[in-house]
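What follows is each chain in one-letter form.
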Amino acid sequence: MPPPPLFLSLPAPSPPLLPVHLPKAAPTLSLASLVPSSLPACSVASPRHSDYFDPRAPPPPPSRDGGYGRPPPNGAHEGRVFTSYSIYKGKAALSFDPRPPQFVPLDSGAYKVAKEGCVLLQFAPAVATRQYDWSRKQVFSLSVWEIGTLLTLGPTDSCEFFHDPFKGRSEEGKVRKVLKVEPTPDGNGRFFNLSVQNRLLNIDESIYIPISKGEFAVIVSTLNFIIPHLMGWSTFTSSIKPEDSRSYSRPQSGPEYEWQR
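In what follows, the accompanying structure is described. Treat the numbers as computed from the prediction; the structure is a model and nothing was measured.

### Quick notes on the overall build of the protein chain
Then step 1. From N to C terminus, the protein chain includes six helices and eleven strands.
Then step 2. A total of 261 residues make up the protein chain; the buried ones form 24% of that total.

### Concerning helix α4 (residues 144-151)
Then step 1. Buried residues of α4: V144, E146, I147 and L150, and no others. The arc enclosing the buried residues of α4, seen along the axis, measures out at 160°, which places them on a common side.
Then step 2. Tucked inside the fold, the buried residues of α4 contact β5 (118-128), β7 (138-142), β8 (159-163), β9 (175-183), β10 (189-198) and α5 (213-230).

### Considering the packing of aromatic side chains
Then step 1. Applying the stated criterion across every chain yields a total of four aromatic pairs.
Then step 2. Seen from their ring centres, W145 and F161 are 6.1 Å apart, and the 85° between their planes marks the pair as edge-to-face. Residue W145 is found in helix α4, and its partner F161 is found in strand β8; the two are separated by 16 residues along the sequence.
Then step 3. Among the residues examined, W145 registers a relative accessible area of 59% and is labelled exposed.
Then step 4. The buried category is assigned to F161, whose relative accessible area is 4%.
Then step 5. Between the aromatic rings of F191 and Y208, the centroid separation amounts to 5.9 Å while the plane-to-plane angle is 70°, which identifies the pairing as edge-to-face. Of the two residues, F191 is situated in strand β10 and Y208 in strand β11 (residues 203-212); the sequence distance between them amounts to 17 residues.
Then step 6. Taking the relative accessible area as the measure of exposure, F191 reaches 25% and is therefore partly exposed.
Then step 7. Residue Y208 is classed as partly exposed on the basis of its relative accessible area of 36%.

### Details of the nonpolar core
Then step 1. L121, F123, L179 and F192 are the most contacted members of the largest nonpolar core, which totals 29 residues.
Then step 2. Sort the elements by how many residues they give to this core and α5 lands first, with six residues.

### Let's talk about the side chain of Q138
Then step 1. The topology assignment puts Q138 in strand β7.
Then step 2. Leaving out residues up to four positions away in the same chain, Q138 has contacts with L121, Q122, F123, L194, V196, I203, E205 and I207.

### Thoughts on α5
Then step 1. Counted at 1.5 Å a residue, the expected span for α5 with its 18 residues is 26 Å, and the 25 Å between its end C-alpha atoms agrees.
Then step 2. Maximum bend of α5: about 25°, positioned at N224, with proline P228 one to four residues after it.
Then step 3. The set of residues buried in α5 consists of E215, F216, I219, L223, I226, I227 and L230.
Then step 4. Residues of α5 that are buried make contact with β1 (85-88), β2 (92-99), β5, α4, β10 and β11.
Then step 5. Remark: G232 follows α5 within two positions and exhibits a positive phi of approximately 85°.

The rules behind these values
Residues numbered from 1 in each chain as written. Predicted model: local features only at pLDDT ≥ 70, side-chain atom pairs only at ≥ 80, totals over all residues. Heavy atoms only, no water. Helix = DSSP H or I, 4+ residues; strand = E, 2+ residues; numbered from the N terminus. Buried < 20%, exposed > 50% of the residue type's maximum accessible area, 1.4 Å probe, protein only. Arc of directions from axis to C-beta. Contact = heavy atoms within 4.5 Å. Phe/Tyr/Trp six-rings, centres within 6.5 Å; stacked < 30°, edge-to-face > 60°. Core = buried A, V, L, I, M, F, W, Y, C linked by side-chain atoms within 4.5 Å. Expected span 1.5 Å × (residues − 1). Bend = angle between axes of the 7 residues up to and from the residue.

None of this, on its own, says anything about what the molecule does.
Pasting the structure below:
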């Protein structure tokens, strides 16, 4: 008869111990081990790294106003350089501003020229001595082939370019821009004359500026330099790597192998 009372008294203290220890152990397990291991890595890394570029991807070439390729972070133009060549005369001022080509990314990770760059001519009329109203400026974009035409002018040659910014659209013919470049009467310079007829804004204006022989020499030298950059060829040459070239083998002789590599 003595053994049964001893058996009943042993399990009596065990029930209160279980609820006391379980609340203390539960928060320790849920915070230290269960929570970090249960959260997927993408839910934390995705929002935090979505604003950063893939470091394995090649950096994009410069784009025009953040057009193609990746835009600058936060809309800033970090690392970009703006330059121009400006000429100031009594009745007007003229600036030559280069605009880079536009690139589009390919599936292979490389980039392709989507649109060639240009040189933007900006004419501003004078309002006083050495004061120019740039809010009334008129602009004309010189393409690569137009630049080539300008560079091939002889001492007595002249050229004329016509632009319709809305060509092919419903507003075609409502804006007409004509740029004339012709020699001065004394033969020592050039006249740059831009005529703009804008029926949308009721504007009919002509701005001309004389360019001296020395100033035109600077223009010619600058345009000769910038052409490969406007075409994207300078970006191509800077991306060439010897290790990416395939092994060279001497081609067989004969006219049929002339262009083989």
